[in-house]
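Single-letter residue listing:
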Amino acid sequence: MEQQTSKNSAARAAIEWVESLAFATALLLLVFVFFIRAVTVSGSSMESTLLSGDKILVRSIGYTPKRGDVIVVDGYTEYGEPLVKRIIALGGDTVDIDFETSEVWVNGTLLEEPYLGSTPFRQGDVTFPLTVPQGTAFVMGDNRRESLDSRDTSVGFIDTRDILGKVFFRIFPFSSIGVIR
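Quick caveat: nothing in here was measured; it's all calculated off a predicted structure.

The helix and strand inventory of the chain stands at 1 helix and 12 strands. Shown N-terminal to C-terminal, the secondary structure of the chain runs as helices and strands in the order α-β-β-β-β-β-β-β-β-β-β-β-β. A buried classification covers 35% of the 181 residues belonging to the chain. The long-range share in the chain, meaning contacts at least 24 apart out of those at least 6 apart in sequence, stands at 60%.

So this is what it looks like as structure tokens:
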């Protein structure tokens, strides 16, 4: 009888363990489906902030776009994959870029951009100054020499509804794990 009780206890413990594992898996899936997305960076447009192959986490629920945020744009573009860029300006803002000095001005204020290197900017085919239409964002990569972004009409202004969310954490490579600003 004692041996039967021991078997029942072991079976109960195994069932509880499986239930706990199933609950944790379901909870994790809910978080990654509705609140956080994992994205892989493709290309060099965000160097040195993010490198090609970096795995990042994106917060999507409840996110409101803000100037300076590193964001992921839905893969609706001709590239067919998500774009990772930095928001420079939002609807109603005026953007001016001095390509000789590599300075970006928003609403007459020079942006402080400590994340940039000293390389000159790629110009693109957009004429500056320009005013960003309501409901859209003007985005640029941190690697201004290589980035194809809102300075080019092939990307243009990004509809804010197409922004998947804000990049907040790098999970890979392990040597670079940390918060993204």
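Moving on from the coordinates now.
Glancing now at the nonpolar core. Counting residues in each nonpolar core, the largest one holds 15 residues, and the members touching the most others are V95, I97, V104, F128 and F138. Sorting the residues of this core by element identifies β4 (83–90), β5 (94–98), β6 (103–106) and β9 (136–140) as the ones contributing at least two each. Beyond its immediate sequence surroundings of up to four residues, V104 is in contact with I88, V95, D96, I97, T109, L110, L111, E113, F121, M140 and R144. Residues V39, M46, V72 and V84 belong to the second largest nonpolar core, which totals 12 residues.

Turning next to the sheet that holds β6. Pairing in this open sheet of 4 strands is antiparallel, and the strands run β7-β6-β5-β8 from one edge to the other. One side of each edge strand has no neighbouring strand; the edge strands of this open sheet are β7 (109–110) and β8 (130–131). Inspection of the sheet shows β6 paired to β7 by 2 bridges, in the antiparallel sense. Within β7, the position partnered with V106 by the bridge is T109.

What follows covers the pattern of salt bridges. Applying the stated criterion across every chain yields a total of 8 salt bridges. Where E113 meets R144, a salt bridge forms, and the shortest distance between an N and an O atom there is 2.7 Å. Of this pair, E113 sits in the loop between β7 and β8 while R144 sits in the loop between β9 and β10 (158–159), placing them 31 residues apart in sequence. We note that E113, like R144, is buried. Across the pair R151 and D149 runs a salt bridge whose closest N-O atoms are separated by 2.8 Å. The exposure class assigned to R151 is buried, which follows from its relative accessible area of 0%.

In this section: the confidence of the model for the chain. Mean pLDDT over the chain stands at 87; residues scoring 70 or higher make up 88%. Helix α1 (residues 2–35) is the least confidently modelled element of the chain, averaging 72 in pLDDT, while β8 averages 97, the highest of any element.

Another point: the layout of surface pockets. Approximately 240 Å³ is the volume found for the largest pocket. What lines the largest pocket is a set of 15 residues, among which S42, G43, S45, L83 and K85 lie closest to the centre. In terms of residue count, β4 provides more of the lining of the largest pocket than any other element does, 3 residues in total.

Turning our attention to unusual backbone geometry. Peptide bonds are trans in most cases, and residues, glycine excluded, mostly fall at negative phi. In this model, E47 is joined to S48 through a cis peptide bond whose omega is 5 degrees. Cis geometry marks the peptide bond from F128 to P129, where omega comes out at 0 degrees. Looking at the element boundaries, P129 is found in the loop between β7 and β8. For N107, which is not glycine, the phi dihedral falls at a positive 55 degrees. Tracing the sequence through the fold places N107 in the loop between β6 and β7. When its relative accessible area of 41% is taken as the criterion, N107 is described as partly exposed.

This part covers the side chain of N143. Mapped onto the secondary structure, N143 falls in the loop between β9 and β10. By relative accessible area, which is 12% here, N143 ends up buried. Setting aside anything within four residues of it in sequence, one finds N143 in contact with S44, S45, M46 and E47.

About the criteria used
In this convention, every chain numbers its residues from 1, walking through the sequence in written order. At least 70 in pLDDT is required for a residue's local features to be given in this predicted model, at least 80 for side-chain atom pairs to be given and counted, and no such filter applies to totals for whole chains, interfaces and linings, which use all residues. As a rule here, side-chain values come from all non-hydrogen atoms in the structure, and water together with hydrogens is ignored. Each helix corresponds to a stretch of at least 4 residues labelled H or I by DSSP, and each strand to a stretch of at least 2 residues labelled E; elements are numbered beginning at the N terminus. When a residue's accessible area, from a 1.4 Å probe over protein chains only, is under 20% of the maximum for its type it is buried; when over 50% it is exposed; and in between it is partly exposed. In this analysis, two residues are considered to be in contact whenever any of their non-hydrogen atoms come within 4.5 Å of each other. The term nonpolar core refers to a set of buried residues drawn from Ala, Val, Leu, Ile, Met, Phe, Trp, Tyr and Cys, joined through side-chain atoms within 4.5 Å. Strand pairing is assigned whenever DSSP detects at least two bridges linking the two strands. For this analysis, a salt bridge means a side-chain nitrogen from Lys or Arg found within 4 Å of a carboxyl oxygen belonging to Asp or Glu. On a scale of 0 to 100, pLDDT captures the predictor's confidence in every residue. Only protein atoms enter the 1 Å grid, on which a cavity is a set of points fitting a 1.4 Å probe that cannot get out and a pocket is an open set with protein on both sides within 12 Å along at least 5 of 7 lines, lining residues being those with an atom within 4 Å of a point. Grid points are joined across faces, edges and corners, and a volume is the space filled by probe spheres set on the points.

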